[in-house]
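For reference, the chains in residue letters:
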Amino acid sequence: MAIISAIKNYQKAELNYVLGITFLGVSQSLIFTVGLLGASFLAVYEVSKGNKPVGSFVTLLSYWAQLGSPLAFFANFYRKIQTQMLDAERLLELFQRKPSVVDKPGAQEFQLKSGEIEFSDVCFAYDPRKPAIKNMSFRVAGGSTVALVGETGGGKTTCLKLLFRFFDVNSGSIKIDDQDIRGVTLWSLRENMGVVPQVCFRNSNAILSICSSCFQHRTLNSSTTR
Ligand SMILES: Nc1ncnc2c1ncn2[C@@H]1O[C@H](COP(=O)(O)OP(=O)(O)O)[C@@H](O)[C@H]1O
Ligand SMILES: [Mg+2]
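A. Structural detail: the overall build of the chain. What the chain contains, in helices and strands, is five helices and four strands. Within the chain, the fraction of its 226 residues that count as buried is 6%. Sequence separation of at least 24 residues holds for 66% of the intrachain contacts in the chain that already meet a minimum separation of 6.

B. Molecular detail of the sheet that holds strand 3 (residues 171-176). Reading across from one edge, 2-1-3-4 is the order of the four strands in this open sheet, with antiparallel pairing throughout. With partners counted over all chains shown, the strands left at the sheet margins are strand 2 (133-140) and strand 4 (179-180), one partner each. Where strand 1 (residues 117-124) meets strand 3, five bridges bridge the pair, whose relative direction is antiparallel. Note that in strand 3 the partner of Glu-118 across the bridge is Lys-175.

C. Region of interest: unusual backbone geometry. A positive phi is found at Arg-165, a non-glycine position, where the angle reads about 60 degrees. Considering the arrangement of structural elements, one finds Arg-165 in the loop between helix 3 (156-163) and strand 3.

D. Quick peek at the site of ligand 1. In the neighbourhood of ligand 1, the contacting residues comprise Tyr-126, Asp-127, Ala-132, Gly-150, Thr-152, Gly-153, Gly-154, Gly-155, Lys-156, Thr-157 and Thr-158. By residue class, the composition of the shell around ligand 1 is two nonpolar, seven polar and two charged.

E. How the structure looks around helix 1 (residues 2-49). Taking 1.5 Å of rise per residue, the 48 residues of helix 1 would be expected to cover 70 Å, and the 70 Å separating its terminal C-alpha atoms lies within 8% of that figure. Counted residue by residue, helix 1 has zero buried out of 48 residues, so it is predominantly exposed. A positive backbone phi angle near 85 degrees is found at Gly-50, which sits one or two residues after helix 1.

F. Looking closely at the packing of helix 1 against helix 2 (residues 54-96). Where helix 1 contacts helix 2, the axes come no closer than 11 Å and their chain directions differ by 165 degrees. It follows from the interaxial angle that helix 1 and helix 2 lie roughly antiparallel. In the crossing of helix 1 with helix 2, the sense of the turn from one axis to the other is right-handed. Contacts between helix 1 and helix 2 pair Gln-28, Phe-32, Leu-36, Ala-39, Ala-43, Val-44 and Val-47 from the former with Val-54, Ser-56, Phe-57, Leu-60, Trp-64, Gly-68, Ala-72 and Ala-75 from the latter. Here the contact of helix 1 with helix 2 is composed, by residue class, of 12 nonpolar, three polar and no charged.

G. Main features of the nonpolar core. One finds Phe-119, Val-122, Phe-124, Ala-132, Cys-159, Leu-162, Val-169 and Ile-174 forming the largest nonpolar core, which totals eight residues. Residue contributions to this core peak at three residues, all from strand 1. With sequence-adjacent residues up to four places away left out, Cys-159 is seen in contact with Ile-133 and Leu-148.

H. Fine view of the pairing of strand 1. Bridging between strand 1 and strand 2 involves five bridges; their strand directions are antiparallel. Along strand 2, the bridge assignment pairs Ile-117 with Val-140.

I. Main features of the environment of Ser-188. Structurally, Ser-188 is set in helix 4 (residues 186-191). On the basis of neighbour count, Ser-188 is assigned to the partly exposed category, with 16 C-beta atoms found within 10 Å. Counting along the chain gives 76 residues from Ser-188 to Leu-112, while the straight-line C-alpha distance between them is 9.5 Å. Residues in contact with Ser-188, not counting those within four places in the same chain, are Glu-109 and Phe-110.

J. Here's a closer look at the confidence of the model for the chain. With 88% of its residues at a pLDDT of at least 70, the chain reaches an overall mean of 87. No element of the chain has a lower mean pLDDT than helix 5 (residues 207-225), at 56, and none a higher one than strand 1, at 96. Counted against residues more than four places away or in other chains, residues 220-226, with its pLDDT under 50, gives zero contacts.

K. Structural view of the environment of Pro-131. Checked against the element boundaries, Pro-131 lands in the loop between strand 1 and strand 2. Judged by the 14 C-beta atoms lying within 10 Å of it, Pro-131 falls in the partly exposed class. For the pair Pro-131 and Asn-170, spaced 39 residues apart in sequence, the C-alpha separation works out to 10.0 Å. Other than its neighbours up to four places away in sequence, Pro-131 contacts Cys-123 and Ala-125.

About the thresholds
Residues numbered from 1 in each chain as written. Chains lettered and ligands numbered in written order. Predicted model: local features only at pLDDT ≥ 70, side-chain atom pairs only at ≥ 80, totals over all residues. Helix = DSSP H or I, 4+ residues; strand = E, 2+ residues; numbered from the N terminus. Buried ≥ 20, exposed ≤ 12 C-beta atoms within 10 Å, placed from the backbone. Contact = placed C-beta atoms within 7 Å. Pairing = 2+ DSSP bridges. Near = placed C-beta within 6 Å. Nonpolar A, V, L, I, M, F, W, Y, C, P; charged D, E, K, R; others polar. Expected span 1.5 Å × (residues − 1). Axes fitted to C-alpha atoms, helices over the stretch in contact; angles between N-to-C directions. Parallel < 35°, antiparallel > 145°, perpendicular 65-115°, else oblique. Left-handed = near helix turned anticlockwise from the far one by under 90°. Core = buried A, V, L, I, M, F, W, Y, C linked by C-beta atoms within 7 Å. pLDDT = per-residue confidence, 0-100.

Listed below in structure tokens is the structure:
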């Protein structure tokens, strides 16, 4: 219900916006055309009376053509500023969103040894009414190759998402080299993993944190290459 009323509100706002923009465009063109018509009539009148040479009419037309586009630019400028302010507002809202998975106070740096992975009694559900993983336990030795095979919707991708800590497990634990992944910093954990996901995760974290991670990474790279 909330979604339907939100869609209706959006459609109403969009209609108002389109009507407003169309009205603005039509009035702008009308003002330009009526202005040109008035100025032309005046010029023709003056020329026909012999008060002005024909060249003045030509000058008027070329001035008009030159002035037209800057005036139209300024008329559109206000609209553009408004749209950009709206975009900036959306971006600020995004900055304020808090990620659900964050570093615990006192989280340690992850230390990679052999890369042994251990799932112990892991339970996880995106929606509490429908568990995605129930009591899953397995151990993968470091350096080995393992394939998770199962029916669609069985929870294979969810396992990887949990390993990468896009979500925290509801119960049980995931350990890599005997370190619970909830007890280490996200940055140090993900820095040691390579994942080729089936879908692209662009915003797995707060945008500010992504920017600061990239910045850290670049500083690290530039200091190591120097
Ligand atoms: N982002 C999500 N939000 C809610 N449910 C999800 C989400 N991703 C997956 N699921 C559900 O979790 C279950 C396991 O999905 P998934 O791990 O993608 O399965 P697989 O990769 O084995 O096909 C499925 O029932 C799926 O519908
Ligand atoms: Mg999958």
